[in-house]
Each structure stands twice: as structure tokens, then as C-alpha cells.
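Breakdown of the fold
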Amino acid sequence: MTFLDAAAWRGKVYSGGWVSAQGEAAVTEPATGSELGRTGIAGPGDVAAAVGRAAAAQAAWAATPYTQRAAILRRAGEIWLANAAEIEDWSVREGGKIPPAAQFETHVATEEIFEAATLPNRPTGEIIPSEQPRLSYVERVPVGVVGVIAPFNFPQILAIRSVAPALALGNAVVLKPDPRTAVCGGVVLARVFEEAGLPEGLLHVLPGGVDAGEALITEPAARVISFTGSTAAGRRVGELAARHLKRAHLELGGNSALIVLDDADLGAAASAGAWGSFLHQGQICMTTGRHLVHEAIYDDYVSALAEKAAHLPVGDPAAGPVALGPVIDEQQRDKIHAMVTGSVSAGARLAAGGTYEGLFYRPTVLAEIAPSMPAYADEVFGPVAPVLRFSTADEAAKLAADSEYGLSLGILTRDVMRGLDLARRIPTGIVHINDQTVDDAPNAPFGGVLASGTGARFGGTANLEAFTDTRWVTVRGDITPYPF
């Protein structure tokens with residue numbers, strides 16, 4: 001039996017064991033349209049039952065010695081690594097990733113687990129002064145049940161970076177992965193923690209649609225919701241969570257700018273720009289969505305970027321070496337194409353790409369773009385690089401900041417201090433000087449501002465704050481005397 005044996009989870013979800021779900025759906029390979037298996041699809045009833053079991057199991061887990069919780073997390077990371085090849089094969093086939101991207105995702109996911117395994121060892125409170133004769137301290141306590149809703153694009157990372165720290169800190173978790181990547185973002189986690197010896201009832205993995213997501217948000221016992229997805233969906237999640245008086249950590253969309261100053265190395269800049277826009281078919285929240293290039297090198301940059309786009313091979317990543325695989329489905333492909341053709345109709349010049357076969361969309365470069373055009377103004381979530389010229393640093397700062405999003409920013413220049421000065425004028429949660437916009441690290445705070453989310457909530461201290469509640473405690477030797 002293989003680690004991810006499709007027969008074991010056919011028509012089932014994981015809820016303290018593999019159980020039949022209210023529905024069933026095909027797991028499809030986007031590159032070929034082939035069916036890879038069939039997974040259970042959870043409905044509201046499945047979610048309610050899972051949250052109830054999670055709440056019942058959580059108290060004992062929170063009371064488990066921190067060394068045992070840490071050991072289970074470390075064991076989970078080792079199991080993930082031991083089965084990396086099989087997991088990566090599923091990432092290629094189910095998620096459409098090229099093998100290097102699949103390997104990157106597995107590496108980051110395991111590092112997220114190992115980083116989370118350090119959380120149980122960390123201080124959980126502090127002593128604070130008191131004017132009365134008593135001990136006064138603040139402690140961090142588990143919230144109880146954490147609901148995690150994760151997307152399709154990097155399903156392992158975007159699920160595990162909430163699931164692992166939440167479990168490490170003494171919570172139970174109900175995870176709703178995107179049904180399009182139910183294996184990579186769901187079955188993988190269930191199997192890993194099942195093998196690692198996580199006590200029954202603490203992790204529930206229920207692929208499902210909007211109804212399942214809403215049920216998870218509204219379940220009273222799910223006290224914190226960790227959501228990663230589009231800004232439009234995130235607004236609905238935040239509104240619903242607020243009505244139920246629960247915390248929602250929202251990591252949302254982006255339209256990140258890469259600023260190429262006039263002193264940047266042109267060849268290196270074009271390479272960085274191509275990677276930032278075309279990696280995983282542009283289906284990354286941090287994707288370089290806007291290339292802002294100084295007018296002195298604009299034409300040469302467009303030519304170099306278009307040349308790279310024209311020669312990048314696109315095809316089935318399971319069949320041979322390619323640079324780009326398929327986008328996730330027809331709906332996403334049609335959205336991408338509509339934004340490209342709409343921008344060309346509005347006056348943009350198609351310097352490369354703009355065509356597709358099936359779900360394989362060619363890497364696309366749009367020159368002479370304007371801020372009002374759809375492929376520049378909105379998040380494309382596809383392999384599209386709009387390039388806009390600027391003449392001064394002030395203009396570059398204004399253009400980069402003129403967006404509803406604020407996730408990531410890249411600045412390419414030989415003058416590092418000039419780049420840092422420019423970055424301070426542009427509101428984003430992440431800044432990379434002399435790198436493109438796509439990067440992640442398990443020990444770094446991650447999150448955006450403005451319409452890109454509610455701020456950093458991953459990595460170290462951010463995880464501690466995200467998945468615990470703060471409680472003030474005082475202790476006296478005798479009952480406090482009062483005049484009544």
C-alpha cells in the first residue's frame with residue numbers, strides 16, 4: 001500500500017479516521033483531464049460533527065506535556081520528508097506544478113512543521129507588576145478549536161502553516177481544503193498526522209464547498225478561523241466571523257509590484273521578473289503582478305522579458321521538463337484570458353503570449369499598459385506580466401502604492417539604500433530588495449495590509465498570538481479583605 005493509497009480515502013473525509021462524507025467528487029489532473037481518484041465532499045452536517053468531536057478531544061491535548069506535543073510534530077515532519085517523492089508526484093498531477101515547484105512546496109511544508117514543533121517549548125506568559133500583595137501574570141492559553149480554510153495553489157504550505165502551529169499550541173483543528181486539491185491539501189495532512197500518532201479527534205480534514213466553509217465559520221466551538229484565499233472571499237469570511245464574534249486571520253490576494261530602477265542589471269532584472277510572474281503559472285498570492293520599470297531601460301526590459309516568455313516551455317509537468325504547467329481549471333483560464341484581451345483592446349501591446357491550448361496558458365507580457373487596464377488594476381492569478389514605465393522615484397512610489405492591495409514588494413537596484421528609502425514609502429507586508437516578490441520562510445512573519453489581509457500571522461511570535469488567547473491571572477495567599 002502506498003502512503004496516499006487512493007482506495008483508502010475514496011468517497012471519504014478524515015474525521016478521527018476515514019469516514020464516508022455527505023458527497024463525493026473526482027480528483028482531476030488538470031493537464032490531462034484524467035480522474036486520479038474520488039474524494040469525499042463534506043457538507044454542513046459533516047462539519048458540525050467534526051467540530052463537536054474536535055472540541056471534545058481538545059482539553060486533553062492541551063493538558064498533554066509540551067514535550068509530547070513537540071515530539072508528535074517533529075515525527076510528522078519526518079514522515080512528510082520520508083514520503084516526499086509520492087507527495088510531490090501528487091502535487092505535479094493534481095496541482096499542475098512543475099517538479100521543482102512541487103519539491104519546493106514539500107520542503108517549505110516540512111520546515112513549517114519543524115518550526116511549529118518549537119512552539120510548545122516557548123514561554124507562554126509573563127509576570128507583570130502589581131501594586132497589591134499578589135502574584136500577577138499573563139498567560140497564553142489555547143483557543144480550543146481552530147478552523148482552517150485553505151486554497152488550491154500551494155495547498156500543502158497554505159494548510160500546514162496554520163494546522164501545525166495550532167496543534168502545537170494545544171488546539172484541535174478542522175481543515176477545509178479546496179476540493180480541487182483535496183489530496184495535496186487534505187489527504188496528505190491527514191495521513192501524516194495519522195502516522196505520527198496524533199491522538200484521535202484533534203485533526204479533521206473535510207474538503208468541501210462554500211456551504212462547508214460557512215458552516216465551519218458559524219460553528220460556535222470553532223473560535224478562530226484561519227483563511228487563505230481571494231480578497232472577495234476573505235471579505236465574506238471576515239464579515240461572517242465578525243457576526244459570530246470570532247477572530248478571523250485573513251491572508252488574501254495581491255497585485256504586487258516589482259520596481260526596476262534605472263541602475264539595475266537588465267539581464268538579472270528580467271530573469272527575476274520572469275520568475276516572479278510565471279512561477280506556478282502566476283497562481284501565487286505574491287506573484288509579481290505589476291512591473292514598474294524606469295523609462296531609461298523600459299524598452300530593453302520589455303524585450304528581454306518577452307524573449308524569456310517566448311522560450312519558456314509549457315506543457316504537462318508529469319510528461320517531461322517544462323517551465324509552466326496548466327492553470328487549475330477552465331474558469332481560471334477564461335478569467336485570465338478575458339483580462340489579457342480586455343487590456344489589449346484598451347491599448348496594451350501584446351509583447352509575448354496571450355494564447356492557450358486547453359489549460360496551458362502561454363506566459364504573457366503586456367507592454368504600454370495603463371493603470372486603468374484590467375490586467376494591471378486587478379489580480380490576474382495567471383502567468384501575465386504587465387509592464388508600466390515611470391520616470392522618477394516619486395512616480396514609482398506613487399504607482400506602487402496606488403493599489404488596494406499591500407502584500408509583497410520587490411525593488412531591483414544597485415543602490416541598496418535607495419531601494420530601502422523607496423520601500424518605506426509603499427505600504428506592504430513584505431519587502432525584498434534585489435529580489436522578486438515571491439518568497440516565504442517558516443520563521444518569518446507573513447501577511448499583507450490593506451486588501452491583502454489582516455496583517456502578519458505566520459512565523460514564530462505571530463503564530464503564538466494567532467492561535468492562543470491571552471488571560472490575566474492573579475494569585476494571593478489569603479482572601480482579599482473588603483469593607484462590605
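As a reminder, the structure under discussion sits directly above these lines.
Read on for a plain summary of the structure. (Residues numbered from 1 in each chain as written. Predicted model: local features only at pLDDT ≥ 70, side-chain atom pairs only at ≥ 80, totals over all residues. Heavy atoms only, no water.)

Counting 89 residues, the largest nonpolar core has Trp80, Ile160, Val163 and Phe193 as its most contacted members. Grouped together as the second largest cluster of nonpolar side chains are 29 residues, Ile259, Val340, Ala400 and Ile426 included. (Core = buried A, V, L, I, M, F, W, Y, C linked by side-chain atoms within 4.5 Å. Buried < 20%, exposed > 50% of the residue type's maximum accessible area, 1.4 Å probe, protein only.)

Our focus in this paragraph is the pairing of strand E21 (residues 430–433). On E21, burial follows the alternation: Ile430 and His432 on one face are buried, whereas Val431 and Ile433 on the facing-out side are not. Examined bridge by bridge, strand E20 (residues 408–412) and E21 share 4 bridges and lie parallel to one another. Note that in E21 the partner of Leu409 across the bridge is Val431. The β-α-β motif built from E20, the intervening helix H14 (residues 416–423) and the parallel element E21 has right-handed crossover chirality. (Helix = DSSP H or I, 4+ residues; strand = E, 2+ residues; numbered from the N terminus. Pairing = 2+ DSSP bridges. Right-handed = clockwise from strand over helix to strand, strands pointing away.)

It is worth spelling out the side chain of Asp178 at this point. If you trace the backbone, Asp178 turns up in the loop between strand E8 (172–177) and helix H6 (183–196). The class for Asp178 is buried, based on a relative accessible area of 13%. Residue contacts for Asp178: discarding those within four places in its chain leaves Ala150, Pro151 and Phe152. (Contact = heavy atoms within 4.5 Å.)

So, about the sheet that holds E20. For sheets, the rule is that strands pair by backbone hydrogen bonds, running either parallel or antiparallel. Taken in spatial order, the 7 strands of this open sheet run E14-E17-E18-E13-E12-E20-E21, and their pairing is mixed. Looking along the sheet, the strands with just one partner apiece sit at the ends: strand E14 (349–352) and E21. Neighbour-to-neighbour, the strand axes of the sheet open up by a mean angle of 25 degrees, direction not taken into account. The pairing of strand E13 (residues 288–294) with strand E18 (residues 384–390) spans 4 bridges and is parallel. Looking across to E18, one finds that His291 is bridged to Val387. On the sheet, helix H10 (residues 298–311) packs against strand E12 (256–260), E13, E14, strand E17 (364–367) and E18 and is oriented at approximately 170 degrees with respect to E18. (Axes fitted to C-alpha atoms, helices over the stretch in contact; angles between N-to-C directions.)

Another point: the sheet that holds strand E6 (residues 135–142). Overall, antiparallel pairing links the 3 strands, which are arranged E5-E6-E23 in an open sheet. Single-partner strands in this sheet number two, and they are strand E5 (125–127) and strand E23 (468–475). Sheet twist, expressed as the average angle between the axes of neighbouring strands with direction ignored, equals 15 degrees.

Right, let's talk about the environment of Gly96 for a bit. By the element assignment, Gly96 lies in the loop between helix H3 (84–95) and helix H4 (99–116). Its relative accessible area of 0% is what places Gly96 among the buried residues. When the C-alpha positions of Gly96 and Leu359 are compared, they lie 9.9 Å apart, and in sequence the two are 263 residues distant. Beyond its immediate chain neighbours, meaning those up to four positions away, Gly96 contacts Pro30, Ser91, His280, Gln281, Pro317, Gly325 and Pro326.

A contiguous nonpolar surface patch, about 260 Å² in accessible area, is contributed by Ile127, Leu135 and Val475. Along the polypeptide, Val475 turns up in strand E23. Val475 sits in the partly exposed class, given a relative accessible area of 40%. (Patch = residues over 30% accessible without salt bridge, like charges linked within 9 Å, V, L, I, M, F, W, Y side chains within 5 Å. Areas by Shrake-Rupley, 256 points an atom, 1.4 Å probe, with all protein chains shown as cover. Salt bridge = Lys/Arg side-chain N within 4 Å of Asp/Glu carboxyl O.)

In this structure, Glu368 is a non-glycine residue whose phi angle is positive, near 50 degrees. Its location among the elements puts Glu368 in the loop between E17 and helix H12 (374–377). One non-glycine residue, Phe381, adopts positive backbone phi at about 60 degrees. Here Phe381 lies in the loop between H12 and E18. We classify Phe381 as buried; its relative accessible area is 16%.

Picture a little ball the size of a water molecule; that probe, rolled over the atoms, points out where space is still empty. One number sums up the size of the largest pocket: a volume of about 1100 Å³. Together, 42 residues line the largest pocket, and Phe227, Gly229, Ser230, Ala233 and Arg236 are the ones closest to its centre. If you list the elements that add at least two residues to the lining of the largest pocket, you get strand E7 (145–150), helix H7 (210–218), strand E10 (222–228), helix H8 (231–243) and helix H11 (330–345). Broken down by element, the residue count for the lining of the largest pocket peaks at 9 residues, all from H8. (1 Å grid on protein atoms, 1.4 Å probe; cavity = no way out; pocket = protein on both sides within 12 Å on 5 of 7 lines; lining within 4 Å. Points joined across faces, edges and corners; volume = space filled by probe spheres on them.)

This next bit is on the pattern of salt bridges. Applying the stated criterion across every chain, the model contains 21 salt bridges. Here Glu404 makes a salt bridge to Arg235, at a shortest N to O gap of 3.5 Å. In this pair, Glu404 is assigned in the loop between helix H13 (393–401) and strand E19 (405–406) and Arg235 in helix H8, connecting sequence segments 169 residues apart. A salt bridge links Arg418 to Asp263, with the nearest nitrogen and oxygen atoms 3.8 Å apart. Remark: Asp263 occurs in the loop between E12 and helix H9 (266–278) and Arg418 occurs in helix H14; sequence separation between them is 155 residues. The structure contains a network of salt bridges with shared partners spanning Glu24, Glu35 and Arg38.

Right, let's talk about H13 for a bit. Of all the positions in H13, only Ala396, Ala397, Leu399 and Ala400 are classed as buried. Along the axis of H13, the buried positions cluster into a sector of 165 degrees, meaning they face one direction only. Projecting away from the buried face of H13 at angles above 90 degrees are the exposed residues Asp394 and Lys398. Turning to H13, the residues buried within the fold contact E12, E13, H12, E18 and H14. (Arc of directions from axis to C-beta.)

Tallied over the full model, the rule gives 4 aromatic pairs. Arranged with centres 5.9 Å apart and planes meeting at 70 degrees, the rings of Trp9 and Trp90 form a pair that is edge-to-face. Note that Trp9 is positioned in the segment before strand E1 (12–15) and Trp90 in helix H3, a separation of 81 residues in sequence. Overall, the relative accessible area of 12% leaves Trp90 in the buried class. Seen from their ring centres, Tyr14 and Trp18 are 5.1 Å apart, and the 65 degrees between their planes marks the pair as edge-to-face. Since its relative accessible area comes to 9%, Tyr14 is described here as buried. Here Arg161 stacks its cationic end above the ring of Phe446, 4.4 Å away from the centre of that ring. Here the basic side chain of Arg191 rests over the ring of Phe3, its NZ or CZ set 4.6 Å away from the ring centre. (Phe/Tyr/Trp six-rings, centres within 6.5 Å; stacked < 30°, edge-to-face > 60°. Lys NZ or Arg CZ within 6 Å of the ring centre and 35° of its normal.)

These results come straight from atomic positions and should not be treated as a statement about function.
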